[in-house]
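# Observations on the three-dimensional arrangement
Chain by chain, the residues:
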Amino acid sequence: MRKLLVIAFVCFSTLAQAQLTSKEEVAPELVEKREAQKKEITNNYLALKNNLVVSDSLAVVTNAAALKKSLKDFRFKKLSLEEMNEATKKRKELIDLATEVTVTKNINKQRKIVQLLSVKFWELAPKFKAADTALYLQVCPMTSAVWASDSKEIKNPYYPKNMLTCGEIKASL
């Protein structure tokens, strides 16, 4: 009986070590893939916002579709069940808002939707932000509309003709 326990322990230890080794070998690739996914989400949002600044409604539709796809492909990690449920719910809200943007070519309607999308995006930005990216929450003090930017320079996506540089940095990641 004792020999059987020793053999079982040795086998279990070997298996556990093999799993550890396997995870260590794969981890860098997974980390790289995850960072690429985060960067893709952030870049898709920023492209959407930047195309609102230049009032390119067709590019906004394309960017919203790309954002929607990158959000669908992303999986949250290292969250409690409650945090996972909340993050998944917020991601679905973002996907729904991105979908709304894709079905209109009216730039003013797109801007209204993106105002809400930006609030939701910022709530999840700490989970989406790539390690090498700085993000700034900017706000137009006259309207309280917010957006995320990777630059400290203010370029208001909601009122680019009248208030392009109207805004301030409210927070950063």
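These lines cover the structure that appears in this document, whether it is placed above or below. (Residues numbered from 1 in each chain as written. Predicted model: local features only at pLDDT ≥ 70, side-chain atom pairs only at ≥ 80, totals over all residues. Heavy atoms only, no water.)

For helix α3 (residues 81-102), with 22 residues, the first-to-last C-alpha span of 31 Å sits near the 32 Å given by 1.5 Å per residue. Along α3, the residues classified as buried are A87, K90, R91, L94, I95, L97, A98 and V101. End-on view of α3: buried residues confined to an arc of 165 degrees, all on one side of the axis. In α3, those exposed residues whose orientation departs by more than 90 degrees from the buried face are L81, E82 and K92. (Helix = DSSP H or I, 4+ residues; strand = E, 2+ residues; numbered from the N terminus. Expected span 1.5 Å × (residues − 1). Buried < 20%, exposed > 50% of the residue type's maximum accessible area, 1.4 Å probe, protein only. Arc of directions from axis to C-beta.)

This next bit is on helix α2 (residues 57-73). The end-to-end C-alpha separation of α2 is 25 Å, in line with the 24 Å expected for 17 residues at 1.5 Å each. Along α2, the positions that sit buried rather than exposed are S57, A59, V60, V61, N63, A64, L67, S70 and L71.

Right, let's talk about the pairing of strand β2 (residues 146-149) for a bit. Along any regular strand the residues' side chains alternate between the sheet's two faces. Residues V146 and A148 point to one face of β2 and W147 and S149 to the other, with burial holding for every one of them. Relative to β2, strand β1 (residues 136-139) runs antiparallel, the two being bridged by 4 bridges. Across the sheet, residue V139 finds its bridge partner in β2, namely V146. Hairpin connection between β1 and β2: a loop of 6 residues separates the two successive antiparallel strands, and S144 in this loop has a positive phi of roughly 65 degrees. (Pairing = 2+ DSSP bridges.)

These figures come from the coordinates and say nothing about function on their own.
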